[in-house]
Amino acid sequence: MAWVVAIVLLAEAVFVAALNWFLGVVVDRQQMSLAGLDPHVMSTSSKIGGVVFGLYFVLCALVAVLVAIRDRAPAGFGRVLLISVAVVHGLLGAFVWGLVGWTAFLFMVVVLGLVVLLLMTYDRDGGAEAGAAGDGAGEGGGPEAEAEPGPVTAPDAASLPAPRTDEPQGGDDEPQDTVPAQVTRPVTTTP
């Protein structure tokens, strides 16, 4: 899963950088102006924006590659990057529906789904989740590794703590017990 996300994000990085660079070249050669802006400034800012977004997608793809290599969930800054790229694809999907069409929207939603699936597939302990990894019976802490519960016996009276009372005992003016009461769990019995 992480390798697929990395490849898609790398391809998207190249496409976004190339598209913005191309648009910058077109604006520069045609001497286009928008609301009186300098065409050279528009061309340069388009190229810089393409490079910045391309590097952003490359960095997100690098996080996905590290997840694939380590077989562990992203943490810290890497997790924030993947969440942010998911949000970016959600917003871009909303914009391209009206500007480009449903095919671009579909692509953005698929990439969003892949990134979210990457974030959800790996657990925080490391590796893919136990059900997805296919661990053998009795290994990895799965449900089959749990021991069957044996018969439950009631604890003897000596191991139970004495009940706490805040009332004076034996004619004293102060309570005898100044330590907080211990919490005991009820004993479960099986029929």
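Because the structure is a prediction, the values reported are computed rather than measured.

Some points on the overall build of the protein chain
What the protein chain contains, in helices and strands, is 5 helices and 0 strands. For the protein chain, with 191 residues in total, the buried portion stands at 25%. Counted over contacts in the protein chain with a minimum sequence separation of 6, partners at least 24 positions apart contribute 59%. Summed over all atoms, the accessible surface of the protein chain reaches about 13300 Å², with 66% contributed by carbon and sulfur.

Topic: the side chain of Ser43
Within the fold, Ser43 resides in helix 2 (residues 39-70). A distance of 2.7 Å separates a polar atom in the side chain of Ser43 from the backbone oxygen of Gly24. Each residue touching Ser43, except ones within four places of it in the same chain, is listed here: Gly24, Val25, Val27 and Asp28.

Reading the values: the criteria
Residues numbered from 1 in each chain as written. Predicted model: local features only at pLDDT ≥ 70, side-chain atom pairs only at ≥ 80, totals over all residues. Heavy atoms only, no water. Helix = DSSP H or I, 4+ residues; strand = E, 2+ residues; numbered from the N terminus. Buried < 20%, exposed > 50% of the residue type's maximum accessible area, 1.4 Å probe, protein only. Contact = heavy atoms within 4.5 Å. Areas by Shrake-Rupley, 256 points an atom, 1.4 Å probe, with all protein chains shown as cover. Polar contact = N/O pair within 3.5 Å; in protein donor to acceptor, adjacent residues only side chain to side chain.

Nothing here speaks to function; it is all geometry.
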